[in-house]
Amino acid sequence: MKIYDAILVGSGASGGWVAKELTEQGMETLMLEAGPPRIPSRDFTEHVWPYQLKFRGFGDQAALLERQPVQRLCYACGEYSHQFFVNDHENPYTFPVDKPFMWIRGRQVGGKTFCWARESYRYSDNEFKAASRDGYEEDWPFNYKDLEPYYDKVESFIGVSASYERLPQMPDGKFLPPMKLSCGALRAKEIIEKKFAWRVMPDRVANLTVEHQGRPACHYCDQCQRGCYTASYFNSPAVTLPAAARTGRFTLVSDAVVSHVLMNDEGKARGVHYIDRTTHDHREAYGRVVVVAASALESTRILLNSRSRRFPNGPGNSSGVLGHYLMDHFTLEGAGGFMPQLKSSRREPVGRPCGFLVPKYINIEGGIPNKNFLRGYRFDGDASQELYGHAFSIPGFGRGFRRKVREEIPTYFGMMAQGECLPRFDNYVELDPEKKDAWGIPVLRIHAGYGENEKAMAKAMREHLMEILDAMKLEDPVLPREEISLFGKNIHECGTARMGKDPRKSVLNSFNQLHDVKNVFVTDGASFVTQGCYEPTLTIMAISARAADYIAEEFRRGNL
Amino acid sequence: MSDQEKKGQNPEDDLTRRQWLMRLGEAAVLAGFSGVAGEFPSTATEQSPSPLEKLPPGLYQPMSDHLSHALLNDERLHPIPPGSPTDYVRPLTGLYRPEFFSPREFETVGRLVELLLGESPQAHETTVGAKTDEPVTRELAQWMDGVLSQAAGVRKAARSLRPEHRALAVRYYGSAAVEKRENDEAEKVCREGLAWLEAESTRRRGKPFLSLGESDQVELLTVIADERMDLPKNHVGVRFFRWIKATVVQGFYTSKPGLKELDYKGNSFYVECPGCTGEDYSS
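This is a predicted model, so every value here is computed, not measured.

Right, let's get into the overall build of chain B. Looking only at helices and strands, chain B features 12 helices and zero strands. Secondary structure of chain B in N-to-C order comes out as α-α-α-α-α-α-α-α-α-α-α-α. For chain B, the proportion of its 283 residues judged to be buried stands at 29%. When contacts within chain B are restricted to residue pairs at least 6 apart in sequence, long-range pairs at least 24 apart make up 63% of them.

Laid out in structure tokens, this is it:
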């Protein structure tokens, strides 16, 4: 049986980068992906019209309720794109009644990179060294300067379109030209920058605005999550995985559900155990290094399930923190209203796959302090013409009604706030003692709830949103909801196998290496120590590239 | 408004997608597409792959052949890839047989759709479904029949949710929305509404609804239309009007003529990022 240099679990944002870097640096790598391959000609629904679909884009509600009762709650899971999300009955999980958790997953070659919203912001030392500043919990074991070359490398390769803003709290990067703001967003920029001195900028997105490395520029259909034939946004199947494949040192086995890491008697990993997704045959794969990049909670699940006599709580868990410090952003949504100045009878071009962002100013170095809570939040939103939503409130019927729908086009401005969740020991995942998934693997039981800090921050977010709504002078304004979003809804779950300098308080060292087991690494969001209020994926990719460099170097030296 | 733009406003307009895209000024780009797999109008860089490279399943390279085909595709139906996870509309062979409505009800619904949209009466029972030239009113009547025949199944699925999944739905959508999904019976609203319409037609004019002239039909619809305040909200006819108008709005504005009428500029190909094209907006 072949012994690979590296076994890599997971083919998404993290796995793709590890595969590319390890194979380019000479390591024979076997990647195991739990889900199936997606085939563009069969699975993509780009440029399909609603009238070409049986349910006209509204979705087969009975099928979604039956097969994807959790996934269907995700905005991106519908008639066009449900195929990229898991079957909830094959992939169950549990949670206590008083701590509902919405776990959104994609299991396929590419993971969630087919469905992600592509927002790509660099973290700064406001995130990496937050603990040093406010005294809460732990710092990351590296700082921004350590990760900066990897942010550079990742952005340069995948292509991120953004504006240079020179904001210390959200460092500029290696950018392609930015996307534009809509008419309403331009107006919002004027108002918000004047009244609050807060920057309004186009979202930084991993979509190409110019041709980049053989991939054509985005053509602005705004259907990224249906699959993109032109590969004009970042997903691993079209960007990082082909780079790995070209080295000739990359082997991909899909439909391989990894259940646990195989350990030898010396306390080192020797490979992984996996189950064929379709036949349910049990198999093993052997490698000198094991890298787990199955997505935050799945990676931790694999480690927890890798219990042995030597590691009764799972490898990497001598600290007792494996599974703990689960975080996800929380949001306050629903704020918005109509912009009467933009009511028009003319249709605007539409299809830009992003809106605008207002970065964090609260509780950052040199920013606006708010002593009611730790850390901070940011806003995003957009203003766009209603397609036909306004028709529901126009009275009448017949040609006169149709003329009004066509000629009285309102523009709706919507905004939401996204806040940082503190890492708490009490927010954790464990293996459910009873329930198993379709392959007999114990499922996760997830315990997560927001606390006082989030509630206090939500209050400020709400007040702030209302001030902005006021300044915008919107018609029929809708106030932001009072309730914090459902935990997991933002699909930015991070933590549960955090990094740290101290092996008594962390699972991984600063290179994502298990303190306990030198040849096992976890490179995805599980490694996060804090989360900031920005999307994690760009940072996951940078961390993965950095960890892969370290793995290749250590492997060359014979230290693994 | 120029003649060209006025032309575009008319839903009966015969503009093909290619003409429409060229109107947007993207002709240069379209012309650059030759439809050959892997070929792009831009210059290849050192790092760009050979177009004929073989990648493992699940990985892919940028492709243009699908794109040019999709953009020039004017068809009502989409080709169905074997094994596709997507429910594309399938071509009908023969006449459409309503699954929920009786033949009489189906005819009446077809007429109501025409009235709500202000379309002239179409010949009945002679058209087959899902063709490019099928009138949109037929398409919508068929779609509504489908929605109502599936409604019981959706309610059953909603009521069969495991408690933890129902709890997530309540937390996400709110309990009012979840209960509505579990309990609302659109079939009942329609059936009772159509019965009311027939009874009222007989009462006022001594004839069934379909035998009335257009102005009488419009008058009857106006009684239950949303502008009238003299009937209670839960009146059988008012509830029915509310449902059927909202459903027609959903159906029409997701149809080919409806999207054209809206002058929808999405699902398209832009060389430059759409931004703000309006005149000075801060007036």
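To continue, consider the overall build of chain A. For chain A, the count of helices and strands is 12 helices and 15 strands. Scaling as 2.2 N^0.38, a compact globule of 560 residues should have a C-alpha radius of gyration of about 24 Å, and chain A matches this with 23 Å. Taken along the three principal axes of its C-alpha coordinates, chain A extends 80 × 55 × 50 Å. When the 560 residues of chain A are sorted by exposure, 61% land in the buried category. Nonlocal contacts in chain A, meaning residues at least 24 apart in sequence, comprise 72% of its contacts between residues at least 6 apart.

Residues and elements named next belong to chain B. By the secondary structure assignment, Arg166 is in helix H7 (residues 163–173). A count of 17 C-beta atoms within 10 Å places Arg166 in the partly exposed class. For Arg166 and Val178, which are 12 residues apart along the polypeptide, the C-alpha to C-alpha distance reads 8.1 Å. Excluding its chain neighbours within four sequence positions, the residues that come into contact with Arg166 are Leu161 and Val178.

The next point concerns unusual backbone geometry. Residue and element names in this part refer to chain A. Here the phi dihedral of Asp222 falls at roughly 55 degrees; this positive angle occurs in a residue that is not glycine. Position of Asp222 among the secondary structure elements: in the loop between strand E3 (201–202) and helix H8 (240–246). Taking the C-beta count within 10 Å as the criterion, Asp222 has 18 such neighbours and is therefore assigned partly exposed. The phi dihedral of Arg375 is positive, around 65 degrees, even though this residue is not glycine. Within the element layout of this structure, Arg375 appears in the loop between strand E9 (356–358) and strand E10 (377–385).

All names here are of chain A. If you check the domain split of chain A, you get domain 1 (1–40 + 105–161 + 204–328 + 493–560) and domain 2 (180–203 + 330–419 + 450–486). Averaged C-alpha coordinates put domain 1 and domain 2 at centres separated by 34 Å. Contacts between the two partners involve 14 residues from domain 1, matched on the other side by 15 residues from domain 2. Class assignment of the residues belonging to the side of domain 1 that touches domain 2 gives a composition of eight nonpolar, two polar and four charged.

Taken residue by residue, a regular strand's side chains alternate between the two faces of the sheet. All names here are of chain A. Note that strand E8 (residues 330–338) and strand E11 (residues 411–419) share seven bridges and pair antiparallel. Counted as the bridge partner of Gly337 is Phe413 from E11. The sheet contact formed by E8 and strand E14 (residues 475–478) spans two bridges and is antiparallel. Bridge assignment links Gly336 to a residue of E14, and that residue is Val478.

Quick look at the packing of helix H9 (residues 186–205) of chain B against helix H11 (residues 236–252) of chain B now. Residues and elements named next belong to chain B. Running from N to C, H9 and H11 cross one another at 120 degrees; their axes reach a closest spacing of 8 Å. Relative to H11, H9 is oriented oblique. Where H9 crosses over H11, the two elements pack in a sense that is left-handed. From H9, Ala186, Val189, Cys190, Glu192, Gly193, Trp196 and Leu197 reach across to H11, where they touch Val236, Gly237, Arg239, Phe240 and Trp243. Of the residues contributing to the contact of H9 with H11, the split by class is eight nonpolar, two polar and two charged.

We now examine the interface of chain A and chain B. In this assembly, 81 residues from chain A lie in contact with 79 residues from chain B. Those elements that provide at least two residues to the side of chain A that touches chain B are helix H2 (40–43), helix H3 (61–67), helix H7 (183–196), H8 and helix H10 (399–407) of chain A.

Here we take up the environment of B:Pro103. Residue and element names in this part refer to chain B. The residue Pro103 is located in helix H5 (residues 103–117) in this model. You can call Pro103 exposed: it has 11 C-beta atoms within 10 Å. On a C-alpha basis, the gap between Pro103 and Ala141 in space is 12 Å, while along the polypeptide they are 38 residues apart.

Below, the discussion takes up the sheet that holds E9(A). All names here are of chain A. Within the open sheet, the six strands sit side by side as E3-E9-E10-E11-E8-E14. Their pairing is antiparallel. The sheet is open, and its two borders are formed by E3 and E14, each paired with just one other strand. Packed on one face of the sheet, H7 meets E9, E10 and E11 and runs near 140 degrees to E10.

This part takes up the nonpolar core. All names here are of chain A. Ranked by internal contacts, the top residues of the largest apolar core, which has 182 residues, are Ile7, Leu8, Val9, Leu32, Val291 and Val292. Considering each element in turn, this core owes the most residues, 10 residues, to helix H12 (residues 537–556). Residue contributions to this core reach at least three from each of two domains, namely domain 1 (1–40 + 105–161 + 204–328 + 493–560) and domain 2 (180–203 + 330–419 + 450–486). If near-sequence neighbours (up to four positions away) are discounted, Ile7 is found in contact with Leu30, Leu32, Gly271, Val272, Ala285, Gly287 and Val290.

What follows covers helix H9 (residues 296–304) of chain A. All names here are of chain A. Among the nine residues of H9, nine are classified as buried, and the element is accordingly described as predominantly covered. Inspection of H9 places Ala296, Leu297, Glu298, Ser299, Thr300, Arg301, Ile302, Leu303 and Leu304 among the buried residues, and these make up the whole buried set. Of the surrounding elements, those touching the buried residues of H9 are strand E1 (3–9), strand E5 (256–263), strand E7 (282–292), strand E12 (428–436), strand E13 (442–447) and strand E15 (520–522).

This next bit is on the pairing of E11(A). All names here are of chain A. Burial within E11 is extensive, with eight of its nine residues counted as buried. Sheet analysis places E10 next to E11, joined by nine bridges and oriented antiparallel. Residue pairing across strands places Phe379 opposite Ala417, the latter belonging to E11.

Right, let's get into the packing of H5(B) against H11(B). Residue and element names in this part refer to chain B. Where H5 contacts H11, the two axes come as close as 10 Å, and the packing angle between them is 75 degrees. Taken together, the axis directions place H5 and H11 in an arrangement best described as roughly perpendicular. Seen from H5, the contacting residues are Leu112, Val113, Leu116 and Leu117; seen from H11, they are Ile244, Lys245, Val248 and Phe252. In terms of residue class, the contact of H5 with H11 is built from seven nonpolar, no polar and one charged.

Turning our attention to helix H6 (residues 136–159) of chain B. The terminal C-alpha atoms of H6(B), which comprises 24 residues, lie 34 Å apart, in line with the 34 Å expected from a rise of 1.5 Å per residue. Of all the bends in H6(B), the greatest, near 40 degrees, is centred on B:Ala151.

The rules behind the values
- Residues numbered from 1 in each chain as written.
- Chains lettered and ligands numbered in written order.
- Predicted model: local features only at pLDDT ≥ 70, side-chain atom pairs only at ≥ 80, totals over all residues.
- Helix = DSSP H or I, 4+ residues; strand = E, 2+ residues; numbered from the N terminus.
- Buried ≥ 20, exposed ≤ 12 C-beta atoms within 10 Å, placed from the backbone.
- Contact = placed C-beta atoms within 7 Å.
- Rg over C-alpha atoms; globule rule 2.2 N^0.38 Å.
- Domains from an automatic or database assignment.
- Nonpolar A, V, L, I, M, F, W, Y, C, P; charged D, E, K, R; others polar.
- Pairing = 2+ DSSP bridges.
- Axes fitted to C-alpha atoms, helices over the stretch in contact; angles between N-to-C directions.
- Parallel < 35°, antiparallel > 145°, perpendicular 65-115°, else oblique.
- Left-handed = near helix turned anticlockwise from the far one by under 90°.
- Core = buried A, V, L, I, M, F, W, Y, C linked by C-beta atoms within 7 Å.
- Expected span 1.5 Å × (residues − 1).
- Bend = angle between axes of the 7 residues up to and from the residue.

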